[in-house]
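# Architecture and fold: a report
Each chain, written out:
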Amino acid sequence: MKVERIKGVEFMDTERNTSTDFTEREMSVLWCVMQGMTNGDIGKTLCISLSTVKFHLANLYQKTKTRSRTELTHKILLSLINRPLNFEIFRKLIGVKSQ
């Protein structure tokens, strides 16, 4: 299975000055986490199993060097605040197609 990556959608770790690409599915899970959804809700919304949700969350935690949903959301929001807003990246983040 080919894992698609969204070009330009990445986490910028300002403390380490490094960036990490997220897969499209990781972005979907991240968006759901930021909406306050539980793992079960995320699974139902994205039509994936609970273990798959946990797998993607573990990848997000590893890539962002975080250990909780709160810390993950905080780091992502700080990353977005600390760089110029690219509306195309934002559209991809929230799943809106360009017109």
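Residues numbered from 1 in each chain as written. Predicted model: local features only at pLDDT ≥ 70, side-chain atom pairs only at ≥ 80, totals over all residues. Heavy atoms only, no water.

### Quick look at the overall build of the protein
Along its length, the protein carries five helices and two strands. Across the protein, helices and strands are ordered from the amino to the carboxyl terminus as β-β-α-α-α-α-α. For the protein, the residues scored as buried account for 33% of the 99 residues in total. The contacts of the protein with a sequence gap of at least 6 include a subset with a gap of at least 24, amounting to 45%. If you sum the accessible surface of the protein, you get close to 6,600 Å²; carbon and sulfur atoms cover 55% of it. (Helix = DSSP H or I, 4+ residues; strand = E, 2+ residues; numbered from the N terminus. Buried < 20%, exposed > 50% of the residue type's maximum accessible area, 1.4 Å probe, protein only. Contact = heavy atoms within 4.5 Å. Areas by Shrake-Rupley, 256 points an atom, 1.4 Å probe, with all protein chains shown as cover.)

### A short note on the packing of helix H2 (residues 39-46) against helix H3 (residues 50-64)
Interaxial distance between H2 and H3 falls to 9 Å at its minimum, and their mutual angle equals 105°. Between H2 and H3, the angle falls in the class roughly perpendicular. Contacts between H2 and H3 involve Asn 39, Gly 40, Ile 42 and Gly 43 from the first element and Leu 50, Val 53, Lys 54 and Leu 57 from the second. (Axes fitted to C-alpha atoms, helices over the stretch in contact; angles between N-to-C directions. Parallel < 35°, antiparallel > 145°, perpendicular 65-115°, else oblique.)

### Re unusual backbone geometry
A positive phi angle, near 60°, is found at Cys 47, a position not held by glycine. Looking at the secondary structure, you find Cys 47 in the loop between H2 and H3. You will see that Lys 65, though not glycine, has its phi angle at about 55°, which is positive. Within the secondary structure layout, Lys 65 lies in the loop between H3 and helix H4 (69-81).

### Here we look at helix H1 (residues 24-34)
What H1 keeps buried is the set Glu 26, Met 27, Val 29, Leu 30, Cys 32 and Val 33. Within two residues after H1, Gly 36 carries a phi angle of roughly 90°, on the positive side.

### Thoughts on the nonpolar core
Val 29, Leu 30, Ile 42, Leu 57, Leu 60 and Leu 72 are the most contacted members of the largest nonpolar core, which totals 15 residues. Of all the secondary structure elements, the ones that give two or more residues to this core are H1, H2, H3 and H4. Tallying contributions element by element places H1 first for this core, with five residues. Those residues in contact with Leu 57 that lie beyond four places of it in its chain are Val 29, Val 33, Asn 39 and Arg 69. (Core = buried A, V, L, I, M, F, W, Y, C linked by side-chain atoms within 4.5 Å.)

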